[in-house]
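Commentary on secondary and tertiary structure
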Amino acid sequence: MRVTAAFNRLLALSGTTVREVSFEPAQITVTVALRRRRLVCADCCYSSRARYDTRIVDSTWRHLDLGRLRLVVKARLRRLACPAHGVRTEGVPFARPESGFTRDFEDLVAWLATRMDKSAVTRLVRIAWQTVGAICQRVVVDGLDHHRLDELFEIGVDEVAWRKGHRYLTLVTDHRSGKVVWGAEGKDTATLDRFFAELGAARAARLAAVSTDMGPAFLKSVTAKAPNATVCIDPFHVVKLATDALDQVRRQVWKQLRKIDPAQAKRFKGARWVLLKRPDCLTSEQAATLRRLRRHGGAAWRAYQLKESLREVFAGDLTPSETTQLLDRWCAKASRSRLEPFVTLAGTIRKHRHGILAAIRLGVNNARVEALNNKVRLITRRAYGFHSAHAALALVMLACGPITLRLPHQQTHVRPHSG
Ligand SMILES: [Zn+2]
């Protein structure tokens, strides 16, 4: 087999023929020609036989590495006059518009970015993290299900920090599919209003339930824009507040202890994770620390018991009426606890009692919502290095959205503009 024919098979770039292969010390450059005569606009499906002109320089794309060498694809492209987009360089079937990488390369990078940390990805594929962000955005534009807002009945709204310094994304989740279907930068009423504007009044009217945290910003938007939806409060947000309250009590106790018994205080500080973790997730050493805390008793132990008993209320094994009863009993107990953070929390829960119980009644799967929430948080921490909210959102969509990521060897379908 001739070298050019071998590279035709090896690269599998649809719609092209390899003309020349040149080997350099650290790179292989493969010159290809497009097989099709028609010119296709890179941004729409307009095609024409009429050539505006030919570019005076070659276009290049990085493709998947070959052995230890980088592989660069080179082609001389023509330009066409698209009625909608003006004079543009023609689109190629093997790369996304405006990209310096082939689809196969970008698909691989997107797949890796959802599974590996930042330094592993950048070191393996030898591109900057910012470039990974730009690739994620292009893959999402290309692959996100366009009908993802069509059949929404029960949704969740949540905010997540994508960067230090209070930079947030608002995310909308389809509870039925367990996927993130929409997102935007910001976390106020106007941010969520943008989602409802995109959804439109007809689809918003079909929403039966919207779950959210207890913040007023989202509640305001939901109440105004989803008239038929029952507003629910996700129980895991309630449990999260109890964990925060416990942490406050723990800090107060530790501060007092430090004054009277510094050695004991030092041990107590290390107990933080023991108190905040679920008891069934503790290591045997942590479980021993927990037993010591129990013997020690006092405010921290009472706070721990309150947090754990609230978590059990929402464990998912109770009927709605049992949950109601236990939640009310918990609020009464917390109000009497003389632990100020828990007294405040009891007040917050009473205020949102209706919404919290609606989530139980409608059977919004709390464990699944929480699992997705944790996954989103893990992914956005990885996105901290991105400079744009769009890139962070793209990474969330790749990992948690309605999109199918395929690796180059899994590509079976015929790509757009191929042939
Ligand atoms: Zn066009």
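Residues numbered from 1 in each chain as written. Predicted model: local features only at pLDDT ≥ 70, side-chain atom pairs only at ≥ 80, totals over all residues. Heavy atoms only, no water.

A short note on the overall build of the chain
Rules: Numbering of helices and strands starts at the N terminus; helices are DSSP runs of H or I of at least 4 residues and strands are runs of E of at least 2. As defined in this context, the radius of gyration uses C-alpha atoms, and a globule is described by 2.2 Å times the residue total to the power 0.38. When a residue's accessible area, from a 1.4 Å probe over protein chains only, is under 20% of the maximum for its type it is buried; when over 50% it is exposed; and in between it is partly exposed. We call two residues in contact whenever any of their non-hydrogen atoms come within 4.5 Å of each other. Note on areas: Shrake-Rupley with a 1.4 Å probe; residue coverage comes only from the protein chains shown. Positive charge is attributed to Lys and Arg, negative charge to Asp and Glu, and no charge count is given to His or to the chain ends. Taken as the charge location is NZ of Lys, CZ of Arg, CG of Asp or CD of Glu.
Secondary structure summary: the chain contains 17 helices and 14 strands in total. Scaling as 2.2 N^0.38, a compact globule of 419 residues should have a C-alpha radius of gyration of about 22 Å, whereas the chain reaches 28 Å, well beyond that. Referenced to the eigenvectors of the C-alpha coordinate spread, the extents of the chain come out at roughly 80 × 55 × 35 Å. Here the chain, with 419 residues, has 47% of them falling under the buried criterion. Expressed as a percentage of contacts within the chain between residues at least 6 apart in sequence, the contacts between residues at least 24 apart total 59%. Accessible area of the chain: about 21700 Å², with a carbon and sulfur share of 52%. Across the chain, the 71 positively charged side chains and the 38 negatively charged ones have centroids separated by 4 Å.

Brief notes about the packing of helix H12 (residues 298-313) against helix H14 (residues 340-351)
Going by this rule: Here an axis means a line fitted to C-alpha atoms, over the contact stretch when the element is a helix, while the angle between two N-to-C directions is reported on a 0 to 180 degree scale. Here roughly perpendicular refers to angles of 65 to 115 degrees, roughly parallel to angles under 35, roughly antiparallel to angles over 145, and oblique to all remaining angles. Three classes are used: nonpolar for Ala, Val, Leu, Ile, Met, Phe, Trp, Tyr, Cys and Pro, charged for Asp, Glu, Lys and Arg, and polar for all others, with Gly counted as polar.
Axis separation between H12 and H14 bottoms out at 12 Å; the angle between their running directions is 20 degrees. Between H12 and H14, the angle falls in the class roughly parallel. Every residue of H14 that contacts H12 at Ala-303, Leu-306, Lys-307 and Leu-310 is listed here: Phe-342, Leu-345 and Ile-349. For the contact of H12 with H14, the class distribution of residues is six nonpolar, no polar and one charged.

A closer look at the pairing of strand S1 (residues 16-23)
What counts is decided by this rule: The pairing criterion is simple: DSSP has to find at least two bridges between the two strands.
When S1 meets strand S2 (residues 27-34), the two strands line up antiparallel, connected through seven bridges. Bridge pairing in S2 places Thr-17 opposite Ala-33. The antiparallel hairpin formed by S1 and S2 contains three residues in its connecting segment.

What to know about the environment of Ala-161
Tracing the backbone through its elements, the reader meets Ala-161 in strand S10 (residues 154-163). According to the relative accessible area criterion, Ala-161 is partly exposed, its value standing at 23%. On a C-alpha basis, the gap between Ala-161 and Gln-325 in space is 35 Å, while along the polypeptide they are 164 residues apart. Once residues lying within four places of it in the same chain are set aside, the contact partners of Ala-161 are Arg-167, Tyr-168, Thr-380 and Tyr-384.

Digging into the pattern of salt bridges
Note the cut-off: By salt bridge we mean one thing: a side-chain nitrogen of Lys or Arg within 4 Å of a carboxyl oxygen of Asp or Glu.
The full count for this structure, using the stated rule, is 24 salt bridges. When the shortest N-O distance is used, the salt bridge between Lys-307 and Glu-308 registers 2.8 Å. According to the relative accessible area criterion, Glu-308 is buried, its value standing at 6%.

Describing the coordination of the zinc ion
We count it as follows: Donor atoms (N, O, S) are those found within 2.8 Å of the metal centre, with the cutoff raised to 3.2 Å for Na, K and Ca; water is not part of the atom list, so apparent gaps in a site can occur.
With distances of 2.0 to 2.4 Å, the protein atoms coordinating the zinc ion are Cys-41 (SG), Cys-44 (SG), Cys-82 (SG) and His-85 (ND1). When the donors of the zinc ion are listed by position in the chain, the intervening gaps give C-x2-C-x37-C-x2-H. Residue Cys-44 is located in the loop between strand S3 (39-40) and strand S4 (47-48), and its partner His-85 is located in the loop between strand S8 (78-82) and strand S9 (86-89); the two are separated by 41 residues in the primary sequence. Residue class for His-85 comes out partly exposed when judged on its relative accessible area of 36%.

Details of the pairing of strand S12 (residues 179-185)
Here S12 lies mainly inside the structure; five of its seven residues are buried. Pairing of strand S11 (residues 167-174) with S12 involves six bridges; the strand directions are antiparallel. Across the sheet, Val-172 pairs through a bridge with Trp-182, a residue of S12. The hairpin turn running from S11 into S12, its antiparallel successor, is four residues long, and Gly-178 in that turn takes a positive phi close to 70 degrees.

A look at unusual backbone geometry
Despite not being glycine, Ala-12 shows a phi value in the positive range, around 50 degrees. Mapped onto the fold, Ala-12 is located in the loop between helix H1 (3-11) and S1. On the basis of relative accessibility, which here comes to 46%, the residue Ala-12 falls in the partly exposed class. A positive phi angle, near 60 degrees, is found at Arg-126, a position not held by glycine. Taking relative accessible area as the criterion, Arg-126 reaches 35% and is therefore assigned partly exposed.

What to know about the packing of aromatic side chains
Using the following cut-off: Side-chain rings of Phe, Tyr and Trp, where Trp is taken by its six-membered ring, are said to pair if the distance between their centres is within 6.5 Å; with planes under 30 degrees apart they count as stacked, over 60 as edge-to-face, and otherwise as tilted. We call a charge positioned above a ring when the Lys NZ or Arg CZ atom is no farther than 6 Å from the ring centre and deviates by at most 35 degrees from the ring normal.
The full count for this structure, using the stated rule, is eight aromatic pairs. For the pair Trp-61 and Phe-94, a centre-to-centre distance of 4.9 Å together with 80 degrees between the ring planes defines the contact as edge-to-face. Note that Trp-61 is positioned in strand S6 (residues 59-66) and Phe-94 in the loop between S9 and helix H2 (103-113), a separation of 33 residues in sequence. Ring-pair connections join several aromatic residues into one group, and the members of that group are Trp-182, Phe-195 and Phe-196. Sitting over the face of the ring of Tyr-168, Lys-187 holds its NZ or CZ atom 4.2 Å from the ring centroid.

Re the sheet that holds S9
Sheet architecture is open: three strands sit in the order S5-S8-S9, paired in antiparallel fashion. In this open sheet, the two edge strands, each paired with only one partner strand, are strand S5 (53-54) and S9. In the sheet, S5 pairs with S8 via two bridges, with the strands oriented antiparallel. The partner of Thr-54 across the bridge, within S8, is Arg-78.

Considerations on the packing of helix H8 (residues 235-260) against H12
Running from amino to carboxyl end, H8 crosses H12 at an angle of 175 degrees, the nearest separation of the two axes being 9 Å. The angle between H8 and H12 falls in the class roughly antiparallel. Only Ala-299, Ala-300, Ala-303, Tyr-304, Lys-307, Leu-310 and Arg-311 of H12 make contact with H8, whose side of the interface consists of Val-238, Val-239, Ala-242, Thr-243, Leu-246, Val-249 and Val-253. Across the contact of H8 with H12, the residue classes tally to eleven nonpolar, one polar and two charged.

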